[in-house]
Each structure stands twice: as structure tokens, then as C-alpha cells.
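A look at the structure
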Amino acid sequence: MELFQWFCMGILFVLSVAALSYLSVVVKLKWYTLASLALGAFLILFGIGWAGASFLEGIAQSGALALILFCGSGVVLMTLTWRFLVAPELSKQSD
Amino acid sequence: MSNEHDDTKAGDANDQLEPAGGGDRREVDALGLDNPARRKFLTRTAVGGGAALAGLAAGYGAIEYSVQGRPSKNYPEIDEAIFKPKDQRDVVLTFANSKALNEKHPERNEQYNRLQKKEFDFVAGFRDMYAKPWDNNKPGYTQMDRALQLAGWHPLGVAGSRKSANLQPNTPLHSWDQSDVEEEQYKFDDKQAASDAIKSAARVFGAVKCGIARQDKRWDYDPLYDLETNQELSWEEDFPFKPKSVIVMLTPQDYDCVATAPAWTADGTYGAGYTQMGIQADQMAKFLRAMGYHAVSAGNDLGSSVPYAIMAGLGEGARNGTLIAPLVGPRIRICKVYTDFDFVEYDQPHTWGITDFCLSCGKCAEACPADAIPLPSDKNGGYGFEPSYEFSDEPGYTWNNHHGIKKFYSDAKKCYNFWVENGGGCGACIASCTFNEPDFWHHKFILGITPASPKPLHALMAQMHPAFGYGHTNDPAKAEKFWKTGEGMRVNSSMKNNIGTSNKS
Ligand code: SF4
Ligand code: SF4
């Protein structure tokens, strides 16, 4: 089960890197926008890894809190970055 | 430095999304990228992914490096003015098991009862402990829990070494008899090979960690005391040889069983741990004697186990009085083998920032049902060369502590008193410890970043431990959960459930 978790994390990692690269190609992004998105993705992956391990060890409370704290802050960071830094660039480009 | 990716020509890609006039249409793929943009995408994916992987690998390497620990220059800190060798008769477990010592020092029991407002009988304690009736409606205190408790300790009793837990020297498993020492001595090529061989053997005998320290008078009980005959024993005249090295081995205890503390259930794994100590120490001693060297094994007897384990580089001394071994925490038992074999690479004390962490943590003290462990808010945080717990300035009250060593001092008399009231060994300070974790990567990560993390963060980390669902004690649900953890044991696909180590051989 643990190996399966790491395998899934690997896929998610590759998808995240590809998604960020794609975004950087199609939209003109400042370096800190990319860094912020990368940090958000890292936090989400970290939270998933932590939660997976916690559920495997049978401490569900740790898993739930990891999802809230790490994944939650990752999602918030990515959402804010998208809303304030990526979306304006996108609309600028489509004008 | 530019704030933009200068090579990012977003327009390049964007242009492709719109039909270019004049019939100069470039081909785009399913992602809407033409050839140059696709190349850029693939390059960035490879470079970005590679950089991220390199970062992760560096982080992993740093954590792996950190959990090896750093050599500690500070251990031991001794105040020579007050330090003297520890008389075995002044250890609670020996005192409580000797009618003769109780008759010699009635003032100890009297003072304890007067100050603590108790009617406790030290010498009757162990007899009363297991006589407490079970209650099948109380999880953790049922007949089945009592049975686990008795079964855990049983082999040690059968072997005649049950009292080694109370520091009785020279019991059958830890015999001083050297009549089977081989005449021919096996010679190792070099010291490292000898150390490696001893540690390989230790793993076969069931040790989860093993280190080798020089024999050190400061940690040996002196004089030793035979509880059966009420006789003092001398290292020079009674011990069968002059020891030079002490091999220290750690025996793991079951995570889910310890988690039930202070219920009787937990005593099952403590008893099983003591039994394993007896067996593996005996095996190691025999291994050395069969190679032609003198060796005597020991459980709690002969010397103080925690400082020897620290000297052997296995962990650090903690607030709860135990050794905290990285990746296993305090969930271990310590056994030792004294030998005259000294052609070995000795281990050195190491630090992982654990003692430092204890200064701001105190979760064990909060969990202790006997209030035997000092809190960080107590005088000196309970850390110093002498005890500072309640009544420690009453003359003679700290008779059981080994003064003059910088460490956390707890009141073992109150601890023992609670065991008797509880009807079994407690260990809530082990179960609640911030370093008592199962074997998963995120705990290794936390251990790895501990030495580098600033002190104020330690208190926060200690608070987060219970918030994340770890370390709760006195919880009947834990006993109920424990009795279901056998599910899946036919296959047992992980092995983490019964060892709890880092999976390193
Ligand atoms: S074993 Fe129990 S009573 Fe003793 S110090 Fe630990 S928590 Fe306190
Ligand atoms: S609970 Fe905290 S203070 Fe107590 S031994 Fe463990 S780390 Fe140290």
C-alpha cells in the first residue's frame, strides 16, 4: 500500500511539473508567480504524502489535519496566485 | 534581475491559437502548442522536473544525514563535587524488593508517606500489584489484559531471571559463570570488523539497535547487592573478570500496545520486552564466550542502562527518564553485556537535539498520573545536577536519585507507587512522548528537522503532536483498538506494526 502511495505521488508530481511548464509557456508569468504556484503544488503533494502515511499507520486525525493544514494552505495559495497573478495576465493576453 | 522569464514569449504560443492571416498557418497539437512552443514546454518540464527532483533528493539526503545524529561533546556533564558511584541499594526497584533494606531504612517509607500523605508499603508493593482484581467491563483492565501482562513476563520467571528487572545480579540468564569460555580466542582483522560482527549478531538476537561503549565506573552500581542473600558484591572481588567494554542493545516494544498506557495491556509489551532483553543479552554474552572472551549479560542490573546507551551513541536522555532512540523513541528496553573484549571500534555519544527539545516539551509530565516527572515550568525545568521536584529539599528524600549528573530528575518513588495502585507497569510517559511514533516517513522528517529548528518551534511541535492525534493516554478506546490490531497478522505485509524501526538492517 505504501509503495502504491509513492507511485501515485510520483504521477501527481509529474503532472504538477507538466502543468506548471505548460502554464509558463502559454502565459507570460513573473518568476514569483511561478514560485508561488510551485510552492502551492509542493504543499498539496506534501499534505497528500503525510495524509497517506497517517491513514496507513491508522492515525486518521493526523491525516485529516494534514489535509487541512498542508493541502488547504496549498490550495489557498494557488487560488490566490491564480486569481491575482495568473488570471490578469491571461485576460491581458486575450485582449 | 528581470522579474520576467525573458525567454517566455507567451505571444508565440498565443499566436498559434489564432489562425494567422495570409495562409501562413502553423500546425498546433492537442495542447494548442506549435513546434517551438512544444519544445519549450518539454524543455521546461524536463528542467523544472529535474530541478524539483534534485531539490527533493537534497532534502531527503539532509534528513538522512540529520537522523544519524552529530557527535555530542557535552555528554556527560558531571558535577564532581557531588557525584559519587551509585549504590544499588539506593535504587527504588531494589529497595522495594528487599525486606532487609526496608527494615534497615524504615525512615524512607515513613518520610514518603508523611510528605505524600499516603499509606504505601514499599516492600509489599510488588506483591499487591498483580493481586488487583480484573474488571471485564473496563477496557485495559480485563482478565485478558491481565493474561497478556502475566504472559509477557512469564518466560523471564521460568528462566529464574524475573528479578533482574529489580537489579538482582547473577540470575540464570545473566549468570556470572564463565566456565564455558572457549580456550581459543577468535581474532578479528580489525576493530571495525569486530564491531560490525557484534552488531550483526545483535540484530539476529532481536536487537533493534546496538552500540558499544567503554566500561565506565560512573555508570556501574557500586557496590552491587544480592537481594536474595542481602550481601554486598564487589566488582573487584566478586565479579568474575575485569570488564572493559559494554555492549548495549535495544529491544523494541509494540506501538499499539504501549499506546494503551497506563492500562495493564501495555504491561504485556513491557514484560515481553524484558523477556526479550533477558534472551538477547544472554545470547550476546554466550556469543562472546564462545569466541573466547569473558562476558556477563545484564538486564537492569550491574549498571545504569540509560547513560550506557547514551555513551554507546544510541540516543539521548529525556525528561521522562528514559532513553529516546531516534526513530523508535522511548518505546524500547535496554540490555547490556559486560565483556573483557576490547578490540572494537567504540561508539560515541551523539545528539539529535532531543534533550534540548525536552526542555520545552513536557508532554510526558502532563500525562504522568503520578506527577512524578518535572514540568518545563518547574524549577530549572527539572533539568540540572540535582533533583528539583517537590520535597527534594527535604533531607534524605531524594535517596534514590543519582546526584551530580546533568539530566532530568523524576521522583521514581511516586512512579512505583502508581504502578502498585494501577495494578501494573504504567508507561504513560512513553506513550505520550512526542518522539514515540510509528515508523513512517513523516516522523523521520520531523526528527530530521528537529536539530535545525529554533527553540520556540519545539513547544509548538510538542503541542501539535496531540493535535495530530498522537500520544493520548488513559484512553479505553486504545485498549479496544489494540485487541483488533492482530487482524492481518496471517500475512503481515508491512512488518512495521511489530518493529517500529527505520527498516534498516
Ligand atoms: S511510568 Fe507512569 S507513573 Fe511512572 S513516570 Fe512514567 S507516566 Fe509517571
Ligand atoms: S514527551 Fe517531550 S519532554 Fe517528555 S520525554 Fe518526550 S520529548 Fe521529552
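Nothing here was measured: the structure is a model prediction, and the numbers come from that model. Numbering of residues starts from 1 in every chain and runs along the sequence as written. All chains are assigned letters beginning with A, and all ligands numbers beginning with 1, in the order in which they are written. Under the rules for a predicted model, residues below a pLDDT of 70 receive no local features and side-chain atom pairs below 80 are neither given nor counted, while totals for whole chains, interfaces and linings still include all residues. The side-chain numbers reported here are obtained from all heavy atoms of the structure, hydrogens and water having been left aside.

A look at helix H8 (residues 191-204) of chain B
Residue and element names in this part refer to chain B. Given a rise of 1.5 Å per residue, 14 residues ought to cover 20 Å, and the 20 Å separating the end C-alpha atoms of H8 matches this to within 8%. For H8, the full list of buried residues reads Ala 194, Ser 195, Ile 198, Ala 201 and Ala 202. Buried positions in H8, seen along its axis, are confined to an arc of 130 degrees and lie on one side of it. One side-chain oxygen of the residue at the start of H8 lies 3.1 Å from the amide nitrogen of Gln 192, identifying that residue as Asp 190. A helix here means a DSSP run of H or I that spans at least four residues, while a strand means a run of E at least two residues long, and both kinds are numbered starting from the N terminus. Phi for Gly 206, located one or two positions after H8, is positive at around 110 degrees. An expected span of 1.5 Å times one less than the residue number is assigned to each helix. Exposure categories follow from relative accessible area, calculated using a 1.4 Å probe and restricted to protein chains: below 20% of the type maximum is buried, above 50% is exposed, and the middle band is partly exposed. The arc in question is formed by the directions pointing from the helix axis toward the C-beta atoms. Two N or O atoms count as a polar contact when they lie within 3.5 Å, although within protein this holds only if one can serve as hydrogen donor and the other as acceptor, and sequence-adjacent residues are included solely when both atoms are side-chain atoms.

Looking at the sheet that holds strand S9 (residues 332-339) of chain B
All names here are of chain B. Only strands that DSSP links by at least two bridges are regarded as paired with each other. Spatially, S2-S5-S9-S6 is the arrangement adopted by the four strands of the open sheet, whose pairing is antiparallel. In the strand order of this sheet, the two ends are held by strand S2 (209-214) and strand S6 (295-298), each with one partner. Recorded for the sheet is a direction-independent mean angle of 20 degrees between the axes of neighbouring strands. Two strands pair when backbone bridges link them, and S2 and strand S5 (residues 245-252) are joined in this way by six bridges, in the antiparallel orientation. By the bridge assignment, Ala 213 is partnered in S5 with Val 246. Relative to the sheet, H8 contacts S2 and S5, its axis offset from that of S2 by approximately 135 degrees. Every axis in this analysis is a line fitted to C-alpha atoms, fitted for helices over the stretch in contact. Angles between the N-to-C directions lie between 0 and 180 degrees. Should any heavy atoms of two residues lie within 4.5 Å, those residues are considered in contact.

Side note on the pattern of salt bridges
Residue and element names in this part refer to chain B. Salt bridges, as used here, are contacts in which a Lys or Arg side-chain nitrogen is within 4 Å of a carboxyl oxygen on Asp or Glu. Counted according to the given criterion, the structure contains 19 salt bridges over all chains. Notably, a salt bridge pairs Lys 444 with Glu 64, separated by 2.6 Å at the nearest N-O pair. Of the two residues, Lys 444 is situated in helix H16 (residues 441-449) and Glu 64 in helix H2 (residues 35-66); the sequence distance between them amounts to 380 residues. Both residues of the pair, Lys 444 and Glu 64, count as buried.

Quick word on the interface of chain B and chain A
Counting from both sides, the interface comprises 36 residues of chain B and, opposite them, 33 residues of chain A. Put simply, buried area is the surface a 1.4 Å probe can reach on two separate parts but cannot reach once they are joined, added for both. Across the chain B/chain A interface, buried area totals approximately 3,000 Å², and carbon plus sulfur atoms make up 69% of it. Summed over the shared surface of chain B and chain A, the number is zero salt bridges. For the interface between chain B and chain A, the tally reads 10 residue pairs in polar contact (both at pLDDT 80 or more). Of all the secondary structure elements, the ones that give two or more residues to the side of chain B that touches chain A are helix H1 (10-17), H2, H16 and helix H17 (455-467) of chain B. Three categories are distinguished: nonpolar for Ala, Val, Leu, Ile, Met, Phe, Trp, Tyr, Cys and Pro, charged for Asp, Glu, Lys and Arg, and polar for the others, with Gly belonging to the last. Residue composition of the side of chain B that touches chain A, by class: 20 nonpolar, 11 polar and five charged.

Remarks on the state of the cysteines
All names here are of chain B. The disulfide definition used here is simple: a pair of cysteine sulfur atoms within 2.5 Å. One pass over the full model with this rule turns up zero disulfides over all chains. Cys 257 carries a free sulfur, and the closest cysteine sulfur to it, the one in Cys 426, is 13 Å from it. Not engaged in a disulfide, the cysteine Cys 335 finds its nearest cysteine sulfur in Cys 210; these two sulfurs lie 8.7 Å apart.

Quick notes on the site of ligand 2
Residues and elements named next belong to chain B. Near ligand 2 lie 13 residues; those nearest to it are Cys 358, Cys 361, Gly 362, Cys 364 and Cys 433. The pocket and cavity definitions rest on a 1 Å grid over protein atoms only: a 1.4 Å probe that fits but cannot leave marks a cavity, an open set with protein on both sides within 12 Å along at least five of seven lines marks a pocket, and residues lining either have an atom within 4 Å of a point. Pocket occupancy is defined atom-wise: a molecule lies in a cavity or pocket when more than half of its atoms are within 2 Å of its grid points. If you map ligand 2 onto the pockets, it falls in the largest cavity. Of all the elements in the fold, those that place two or more residues in the shell around ligand 2 are helix H12 (354-360) and helix H13 (363-367). Grouping the constituent residues of the shell around ligand 2 by class yields eight nonpolar, three polar and two charged. Any residue with at least one heavy atom within 4 Å of a molecule or strand is counted as near it.

As for the confidence of the model for chain B
Residues and elements named next belong to chain B. Scored from 0 to 100, pLDDT records how confident the predictor is in each individual residue. Predicted confidence across chain B gives a mean pLDDT of 91, with 92% of residues reaching 70 or more. Low confidence marks residues 1-24, where pLDDT is under 50. Its contacts with residues over four positions away, or in another chain, come to 38 contacts. Taken as a whole, residues 500-505 scores under 50 in pLDDT and shows 14 contacts with residues more than four places along the chain or in a different chain. Interface predicted TM-score (ipTM) for the complex: 0.93; the corresponding pTM is 0.92.

Re the packing of helix H2 (residues 31-57) of chain A against H16 of chain B
At a closest axis distance of 8 Å, the pairing of H2 of chain A and H16 of chain B adopts a crossing angle of 120 degrees. Taken as axis vectors, H2 of chain A and H16 of chain B run oblique relative to one another. Between H2 of chain A and H16 of chain B, the residues in contact are Phe 46, Gly 49, Trp 50, Ala 53, Ser 54 and Glu 57 of chain A and Trp 441, His 442, His 443, Phe 445 and Ile 446 of chain B, respectively. Should an angle fall under 35 degrees it is taken as roughly parallel, and over 145 as roughly antiparallel, whereas 65 to 115 is taken as roughly perpendicular and any remaining angle as oblique.

A closer look at the site of ligand 1
Residue and element names in this part refer to chain B. Looking at ligand 1, the residues that line it are Cys 368, Pro 369, Ala 370, Ile 373, Cys 415, Trp 419, Cys 426, Gly 427, Ala 428 and Cys 429. For the shell around ligand 1, the secondary-structure elements that each account for two or more residues are helix H14 (412-422) and helix H15 (428-431). Counted by class, the shell around ligand 1 contains nine nonpolar, one polar and no charged residues.

A short note on the packing of aromatic side chains
Any two rings among Phe, Tyr and Trp, with Trp reduced to its six-membered ring, count as a pair given centres within 6.5 Å; such a pair is stacked if its planes are under 30 degrees apart, edge-to-face if over 60, and tilted if neither. Evaluation of the coordinates by the stated rule reveals 38 aromatic pairs over all chains. Taking 5.0 Å as the distance between ring centres and 90 degrees as the angle between the ring planes, the aromatic pair formed by Phe 46 of chain A and Phe 70 of chain A counts as edge-to-face. Of this pair, Phe 46 of chain A sits in helix H2 while Phe 70 of chain A sits in helix H3 (residues 60-94); the two residues are 24 residues apart in sequence, bridging distant segments of the chain. Residue Phe 46 of chain A shares its accessibility class with Phe 70 of chain A, and that shared class is buried. With 5.8 Å between their ring centres and 80 degrees between their planes, Tyr 308 of chain B and Tyr 338 of chain B make a pair best called edge-to-face.

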